[in-house]
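A structural walkthrough
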Amino acid sequence: MELTPKIKFLGLTFDVTVMIGTVITALLVILFVLLLTRRREMKPRGAQNMMEMVIEFIRGVTNMMLEAKKAEKYLSFAVTIFLFVLIANLLGVIVMVNAEAHGEIPLLGITHEGLQQSHEISWFKSPTSDINVTVAMAFAIALYAHFAGLFKSPRRYFGHYVQPYAWMLPLHIIDELAKPTTHAARLWANIFAGEVLILILRAGTPYLTAVPMFAWIGFSIFVGVIQAYIFTVLAMVYISQKVADDH
Amino acid sequence: MDMSLAVLAGGIMIAFGALAAGIGNGVLFSRYLEGIARQPEAQGKLFGQSMIALGLVEALPIISIAFGILVLFGIIGG
């Protein structure tokens, strides 16, 4: 396993690789969207078509969960999540920057114990292959869902915990904790396992691992797209469970 | 923990992850094939839906595999 440079600041540990990854991903999302939406026309062509396709695709997701008028409110949020996760997943397949270190670097938190494990220092990888990023995203979405439900109708929100029977309260609490946990672990584990297998294949003989490598990179692209979609769908499911006015 | 035990634990986690993914995907795609055998015109619709279900089914085994990798490389529980 490769090491990551870490900076300690005010008692917190910052992972430099993750910060570089998230910043580059966010900048790329902004750049893509700006480039694809320049010179908008009523009759779209070229780049604008592509952006409209993405938005229509996500509109299909939000309309599935909520009624059309309310769904429009969450559309931009869902598109942002989708584009961020999609580009983050795909970046790790395309670019991986690893450097080699042979001495200790105290500033970056590269210690002697770490170097015994591995000499490789990762400078760029998928931000979503780090569990902190996905946990932060999933718990932020969960918090948003809870507050949206709470502000909409506190009575209904708290009433939900004792539905249909009061003794189900512990089950509901476990459910609310399990949702963001699996939401985060699902995305992280898929991308992380993919990157580790790429690293393992890279370490082998090229004559033996070239074909599996190509196959796995193709599969990684597929997994990245599917997981970005599923992350968005689940985020909308969790939000709609709290804000929908059904039953 | 003894290092060899950690390796054994990681190996077992990865193995059961693969086993579970095999069973889950087997059930999923056998139903998908049954579906298109009954209604060949629904293939396009079913393919998209089954791919989404694949992403959902794959998640739990791959979480086990990811933690197995972490144990195997001695990052946690070593």
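Residues numbered from 1 in each chain as written. Chains lettered and ligands numbered in written order. Predicted model: local features only at pLDDT ≥ 70, side-chain atom pairs only at ≥ 80, totals over all residues. Heavy atoms only, no water.

Per an unreviewed UniProt entry, the recorded name for chain B is ATP synthase subunit c, and the organism is Scopulibacillus darangshiensis. UniProt annotates chain B under Subcellular location (unreviewed entry) with the comment "Cell membrane". Recorded in UniProt under Sequence similarities (unreviewed entry), the annotation for chain B is "Belongs to the ATPase C chain family." (UniProt positions renumbered as here; feature names shortened; annotations may be inferred.)

In the annotation of an unreviewed UniProt entry, chain A is listed under the name ATP synthase subunit a and assigned to Scopulibacillus darangshiensis. UniProt lists a comment for chain A under the heading Sequence similarities (unreviewed entry), and it reads "Belongs to the ATPase A chain family."

Quick look at the UniProt feature "transmembrane region" (unreviewed entry) in chain B
Under the feature "transmembrane region" (unreviewed entry), the UniProt entry names residues 51–76 of chain B. Structurally, residues 51–76 of chain B is divided into 85% helix and 0% strand, and its ends, taken at the C-alpha atoms, are 32 Å apart. (Helix = DSSP H or I, 4+ residues; strand = E, 2+ residues; numbered from the N terminus.)

Here we look at the packing of aromatic side chains
Residue and element names in this part refer to chain A. One pass over the structure, following the stated rule, counts 14 aromatic pairs over all chains. Ring plane angle 75° and centroid distance 6.3 Å describe the contact between tyrosine 74 and tyrosine 144, whose orientation is recorded as edge-to-face. Of this pair, tyrosine 74 sits in helix H3 (residues 68–94) while tyrosine 144 sits in helix H5 (residues 131–152); the two residues are 70 residues apart in sequence, bridging distant segments of the chain. For tyrosine 74, a relative accessible area of 3% corresponds to the buried category. Three or more aromatic residues joined by ring pairs form one cluster here, namely Phe57, Phe82 and Tyr229. (Phe/Tyr/Trp six-rings, centres within 6.5 Å; stacked < 30°, edge-to-face > 60°. Buried < 20%, exposed > 50% of the residue type's maximum accessible area, 1.4 Å probe, protein only.)

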